[in-house]
Amino acid sequence: MIITIACLAFQFLVISASNIIQQEIYDNILHMKINSKQPFIIQFRNDEMEKEGSIGCHYCKCISKNEQFEFISCADNQYILQWKTDDQFLQAYIAEKSNTRGKQLIHHSHHLNSSQQIVDITDMQSSTTGEHIQLYWKFNDNSTFDMVVIWNQLTWLGLAFDPGMDGTDFIGFEIVDNKLQVSDWYASCYCVPEPDKQQDVKLISYLLTDNGYAARIQRKLNTNDSFDKVLKQGEQYQFGYVFSEGYRVTYHYYSNSLNINFTQGVVNVNSQLGYLIYLMFLSIFL
């Protein structure tokens, strides 16, 4: 099984799901039984078809922003779920895809499709998490490293290899013509930085959604560029990241930092990254 983040041309429609969901209300709880091997979204609607909440599920994991939801169990692709309600007419509906173009979906796939933008994270071996951001990385045999950056804001992002701005090497993520662009930048002072004349960052793949983006990039540990920081496996670093409203790198209004143990560790992709994928999944659709 390859876990990927993929851009798909699907739109989700709410349909009656009596053949998919077995549901019954008693004791002010909507009891549900769902059989599905695919990702699905349940929407709860009253007798006037007004939406009152949602659940997103896949691989026997579910997430909801609503406190009424309770996950009971899941085995052999059969989900047992509950939803607290005082509305005896509340109904659960499945959201299924149509063939029209729509939003991008975070997708788990057995096969990679070269026509899609894929952000593969199954080989990532180390990780860290900060506010709005997750980083995953691995070291390659040719003195390069791959890094997956998940940014839960629809803004430009500067990922710096130092916490400050004066003399700082950083990677700039920008949204240009509805596409993600990644480039090598350098800040010579506390001012708007400039792109490096020598570009040493390679964009492998990306996913751009309505609520943020994920990108896989590659860089040499030592680029032999005087404006780039030399990174070493096994060292401790404090990375900084800056951003503000807008899609292009400019003055930043927000900044934060990450303590990085730049080692080759072990990441439980299914539990750690899978959970983050579900969060982004819900932020897109719910």
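### Examining the nonpolar core
- In this structure, Leu135, Met147, Phe173 and Phe262 are the most contacted members of the largest nonpolar core, which totals 31 residues.
- In contact with Phe262, not counting residues within four places along its chain, are Trp137, Phe139, Phe145, Met147, Leu221, Leu231, Lys232, Gln233, Gly234, Glu235 and Tyr237.
- Within the second largest apolar cluster, 19 residues are counted, among which are Leu30, Met32, Leu90 and Ala92.

### Focus on the pattern of salt bridges
- What the rule picks out here adds up to four salt bridges.
- Among the ionic pairs, Asp162 bridges to Lys229, the shortest N-O distance being 3.3 Å. Placement of the pair is Asp162 in the loop between strand E16 (157-160) and strand E17 (168-176) and Lys229 in the loop between strand E21 (212-220) and strand E22 (235-243), with a sequence separation of 67 residues.

### Considerations on the pairing of strand E8 (residues 69-75)
- Alignment of E8 against strand E9 (residues 78-84), held across six bridges, turns out to be antiparallel. Paired with Ala75 across the strands is Gln78, a residue of E9.
- Where E8 folds back on E9, the antiparallel hairpin that results is connected by two residues, among which Asp76 adopts a positive phi of roughly 55°.

### So, the sheet that holds E9
- Spatial ordering of the open sheet is given by E3-E4-E9-E8, a layout of four strands whose pairing is antiparallel. Each edge of the open sheet carries a strand with a single partner, namely strand E3 (21-26) and E8. Across the sheet, the mean angle from the axis of one strand to that of its neighbour is 15°, orientation sign disregarded.

### Details of the confidence of the model for the protein chain
- Residues of the protein chain with pLDDT of at least 70 account for 76%, and the chain-wide mean is 75.
- Overall, residues 96-116 carries pLDDT values under 50, and its contacts beyond four positions in sequence, including any with other chains, amount to 68 contacts.
- Counting interchain partners and residues more than four positions distant, the pLDDT-below-50 stretch residues 266-286 has 64 contacts.

### Details of the packing of aromatic side chains
- In total, this model carries 14 aromatic pairs according to the counting rule given.
- Geometrically, the ring pair formed by Trp151 and Phe243 is edge-to-face, given 4.8 Å between the ring centres and 70° between the ring planes. On the criterion of sequence distance, the pair formed by Trp151 in strand E15 (residues 144-151) and Phe243 in strand E22 is long-range, its members being 92 residues apart. For the pair Trp151 and Phe243, a shared accessibility class is recorded, and that class is buried.
- Ring centres of Tyr237 and Phe262 lie 5.9 Å apart, and the angle between their planes is 80°; on these two criteria the pair is classed as edge-to-face. Residue Tyr237 is located in strand E22, and its partner Phe262 is located in strand E23 (residues 254-262); the two are separated by 25 residues in the primary sequence.
- Judged by its relative accessible area of 0%, Phe262 falls in the buried class.

### A few points about the state of the cysteines
- Scanning all chains against the criterion turns up one disulfide.
- Disulfide pairing places Cys57 opposite Cys62 at an S-S distance of 2.0 Å. Looking along the S-S bond of the Cys57-Cys62 disulfide, the torsion reads about 115°, which is the right-handed sense. Here Cys57 and Cys62 have matching classes, each one buried.

### Points about the sheet that holds E16
- A sheet is described by the order of its strands in space; here six strands give the open sequence E19-E18-E17-E16-E22-E23, paired in antiparallel fashion. The sheet terminates laterally at strand E19 (194-195) and E23, the two strands that pair on one side only.

### Describing the environment of Tyr241
- Structurally, Tyr241 is set in strand E22.
- Tyr241 has contacts with Gly130, Glu131, Ile133, Trp151, Leu157, Gly158, Leu159, Tyr254, Ser255, Asn256, Ser257 and Leu258, leaving out every residue within four places of it along the chain.
- Of the polar contacts made by the side chain of Tyr241, one reaches the backbone oxygen of Glu131; its length is 2.9 Å.

What counts, and at which threshold
Residues numbered from 1 in each chain as written. Predicted model: local features only at pLDDT ≥ 70, side-chain atom pairs only at ≥ 80, totals over all residues. Heavy atoms only, no water. Core = buried A, V, L, I, M, F, W, Y, C linked by side-chain atoms within 4.5 Å. Buried < 20%, exposed > 50% of the residue type's maximum accessible area, 1.4 Å probe, protein only. Contact = heavy atoms within 4.5 Å. Salt bridge = Lys/Arg side-chain N within 4 Å of Asp/Glu carboxyl O. Helix = DSSP H or I, 4+ residues; strand = E, 2+ residues; numbered from the N terminus. Pairing = 2+ DSSP bridges. Axes fitted to C-alpha atoms, helices over the stretch in contact; angles between N-to-C directions. pLDDT = per-residue confidence, 0-100. Phe/Tyr/Trp six-rings, centres within 6.5 Å; stacked < 30°, edge-to-face > 60°. Disulfide = S-S within 2.5 Å. Polar contact = N/O pair within 3.5 Å; in protein donor to acceptor, adjacent residues only side chain to side chain.

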